Amino acid sequence: MYKLLLVDDEAIIIRGIRSFVDFDALSISEVFEASNGKSALEIFKAHEPELILADINMPKMNGLDFASAVKELKPNVKIALITGYDYFDYAVTALKAGVDDYVLKPVSKKDIQQTLQKLIAKRQQADNDIEVSRLVQDLKKNADAIDDTGYKAKIKQEIEDNIANVEFSLSYLAKQLALSTSYLSSLFKRLYGQTFQEYMLTIRLERAKILLLSTHMKIYEIAAAVGFDDPNYLSASFKRKFMLSPNQFREKAREQG
């Protein structure tokens, strides 16, 4: 759910937006109002809304200065400026400076609805990018935390090369490293703190999470990409580990975006 801040010195504009926008359909749970940039900045500091619609021409602090101040406080906030043709050049300048969109007066229901939808889509994409980056960093940290042994790099590379290989197994890895299966089993558990099978299941499910967040791939495509020959087994394993099915996880990420 999102919070929206409406900023305009013309009360009729704010009343109009409140009357014709279906906030529930956009997952907007709270709407705040301000009549100038200065008071809007205080409201933003207090409530930190994710979305902002602001007039470009306002008293005390104009829309450009307000947007700049807000972006400095919270760069991932999504802002659209409402402007007349007389201030169109300012709106273009604002876009170059980091404002996310603009809408020209007189505003219609369709204009506002589409603008808010675009802001939400940008916010969701930004949040997904952050989550993907975090997951990738977590995977890297987990790998880097393993004791530095002569086999560490070789094992990591073999796993990376075979993440989509459904035939990849402990015996396959042992053959690649010229080790006995029993010795590799002990070595792997000593280095990773878990069995080969447990580790591979975990890393494949984590990769599946990344693909769910960063792509539009279907579940069977993700299953193939991370080494599951049965999409149903991927879904069951994913739900056991994360308490959500892959589709539920993807949908929840979008809703929370």
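As the structure is a computational prediction, the values presented were derived from the model and not from experiment. Residue positions are given per chain, counting from 1 as you read along its sequence in written order. In keeping with the model being predicted, local features are shown solely for residues with a pLDDT of at least 70 and side-chain atom pairs are shown and tallied solely at 80 or more, while totals for entire chains, interfaces and linings include all residues. Excluding hydrogens and water, the side-chain values take into account all heavy atoms of the structure.

Peer 1: Please explain the sheet that holds strand S2 (residues 28–34) as it appears in this structure.
Peer 2: Should DSSP find at least two bridges between two strands, the strands are regarded as paired. Secondary structure elements are defined from DSSP: runs of H or I of at least 4 residues count as helices, runs of E of at least 2 residues count as strands, and each element is numbered from the N terminus. Overall, parallel pairing links the five strands, which are arranged S2-S1-S3-S4-S5 in an open sheet. On the outer flanks of this sheet lie S2 and strand S5 (101–104), each paired with one strand and no other. This sheet shows a mean twist of 20° between the axes of neighbouring strands, independent of strand direction. Two strands pair when backbone bridges link them, and strand S4 (residues 78–83) and S5 are joined in this way by four bridges, in the parallel orientation. The residue bridging threonine 83 from the neighbouring strand is leucine 104, located in S5. Only heavy atoms enter the contact rule, under which two residues are in contact if any of them lie within 4.5 Å. Lines fitted to the C-alpha atoms define the axes, with helices restricted to the stretch that makes contact. Angles between their N-to-C directions range from 0 to 180 degrees. Where helix H1 (residues 11–20) meets the sheet, its contacts fall on strand S1 (2–7), S2, strand S3 (51–55) and S4, and the angle it forms with S2 comes to roughly 170°.

Peer 1: Whenever I open this one, the side chain of asparagine 128 confuses me. Can you help?
Peer 2: Tracing the sequence through the fold places asparagine 128 in helix H5 (residues 109–144). Asparagine 128 sits in the buried class, given a relative accessible area of 12%. In this structure asparagine 128 touches Leu213 and Ala253, once residues within four positions along its chain are discounted. Residue burial is assigned from relative accessible area. The probe radius is 1.4 Å, only protein chains are included, and a residue is buried under 20% of its type maximum, exposed over 50%, and partly exposed in between.

Peer 1: Would you explain the packing of aromatic side chains in this entry?
Peer 2: Think of a pair of aromatic rings as described by two things: how far the centres are apart, and how the planes are tilted against each other in angle. The pairing test for Phe, Tyr and Trp rings, Trp by its six-membered ring, is centres within 6.5 Å, and the orientation test on the planes gives stacked under 30 degrees, edge-to-face over 60, and tilted for anything in between. For the structure shown, the criterion picks out nine aromatic pairs. Measuring from centroid to centroid gives 5.6 Å for phenylalanine 168 and tyrosine 172, while their planes differ by 75°, and the two rings are edge-to-face. Considering the side-chain rings of tyrosine 192 and tyrosine 199, the 4.5 Å spacing of their centres and the 65° angle between planes classify their relative orientation as edge-to-face. The same class applies to tyrosine 192 as to tyrosine 199, namely buried. Connected via pairs of aromatic rings, a cluster forms that spans Phe168, Tyr172, Phe188, Tyr192, Phe196 and Tyr199.

Peer 1: What exactly am I supposed to notice about helix H3 (residues 63–73) here?
Peer 2: Three- or four-residue spacings in an α-helix give side chains the same orientation, since the helix completes a turn every 3.6 residues. Within H3, burial applies to Gly63, Phe66, Ala67, Val70 and Lys71. Looking down the long axis of H3, one finds its buried residues gathered within 130° of arc, a one-sided arrangement. We define a polar contact as two N or O atoms separated by no more than 3.5 Å, with the added condition that, inside protein, one atom must be a possible hydrogen donor and the other a possible acceptor, whereas residues neighbouring each other in sequence contribute only through side-chain atom pairs. Of the residues that open H3, the one with a side-chain oxygen 3.0 Å from the backbone nitrogen of leucine 64 is asparagine 62. Think of it as the arc spanned by the lines of direction from the helix axis to the C-beta atoms.

Peer 1: What is the right way to look at the environment of aspartate 55 in this model?
Peer 2: Take aspartate 55: it is sitting in strand S3. Once residues lying within four places of it in the same chain are set aside, the contact partners of aspartate 55 are Val7, Asp8, Asp9, Gly63, Ile82 and Lys105. At 3.5 Å, the side chain of aspartate 55 forms a polar contact with the backbone nitrogen of asparagine 57.

Peer 1: Which parts of the structure should I look at to understand the packing of helix H6 (residues 152–161) against helix H8 (residues 181–192)?
Peer 2: When two helices pack together, their arrangement is captured by the angle between the axes and the distance separating the axes. Viewed as axis vectors pointing N to C, H6 and H8 meet at an angle of 95°, and their least axial separation amounts to 12 Å. Compared by their axis directions, H6 and H8 come out roughly perpendicular. Taking contact as the criterion, the partners of Ile155, Lys156 and Ile159 in H6 are, on H8, Leu184, Phe188, Leu191 and Tyr192. Looking at the contact of H6 with H8 residue by residue, the classes come out as six nonpolar, no polar and one charged. Each angle is binned into one of four classes, with values under 35 degrees roughly parallel, values over 145 roughly antiparallel, values of 65 to 115 roughly perpendicular, and all other values oblique. Under this grouping Gly is polar, as are all residues other than the nonpolar Ala, Val, Leu, Ile, Met, Phe, Trp, Tyr, Cys and Pro and the charged Asp, Glu, Lys and Arg.

Peer 1: Looking at this structure, I do not really get the pattern of salt bridges. What am I missing?
Peer 2: Any two side chains of opposite charge can pair, so long as their charged atoms come close to each other. Throughout this description, the term salt bridge denotes a Lys or Arg side-chain nitrogen within 4 Å of a carboxyl oxygen of Asp or Glu. Overall, the coordinates contain 10 salt bridges when judged by the stated rule. Between aspartate 127 and arginine 123 there is a salt bridge, and its shortest N-O distance comes to 3.2 Å. With aspartate 127 and arginine 123 both in helix H5 and four residues apart, this pair spans about one turn of that helix. Exposure remark for aspartate 127: the relative accessible area of 18% places this residue in the buried category.

Peer 1: Would you take a moment to explain the nonpolar core for this structure?
Peer 2: Soluble globular proteins: nonpolar side chains tend toward being buried together. Judged by nonpolar contacts, the single largest core of 37 residues is most densely connected at Ile155, Ile159, Leu173, Leu184, Phe188, Met200 and Leu234. Elements with a minimum of two residues in this core: H5, H6, helix H7 (170–177), H8, helix H9 (196–214), helix H10 (219–225), helix H11 (231–242) and helix H12 (246–256). With 10 residues, H9 is the single largest residue contributor to this core. The contacts of leucine 173, once residues within four sequence positions are left out, are Ile155, Glu158, Phe168, Leu184, Phe188 and Phe196. By size, the runner-up hydrophobic cluster in this structure holds 20 residues, among which are Leu4, Leu6, Ala80 and Val103. The nonpolar core is taken to be a set of buried Ala, Val, Leu, Ile, Met, Phe, Trp, Tyr and Cys residues, with the residues joined through side-chain atoms within 4.5 Å.

Peer 1: Please explain H11 as it appears in this structure.
Peer 2: Taking 1.5 Å per residue as the helical rise, H11 with its 12 residues ought to reach 16 Å, and the 16 Å between its terminal C-alpha atoms agrees with that figure. Every buried residue of H11 is accounted for by Leu234, Ser237, Phe238 and Phe242. For H11, the angular spread of the buried residues around the axis is 105°, confining them to a single face. Turned more than 90 degrees off the buried face of H11, the exposed positions are Asn232 and Arg240. Looking at the buried side of H11, the elements it contacts are H9, H10 and H12. Its side-chain oxygen placed 2.9 Å from the backbone nitrogen of asparagine 232, aspartate 230 serves as the N-cap of H11. One less than the number of residues in a helix, times 1.5 Å, gives the span that helix is expected to have.

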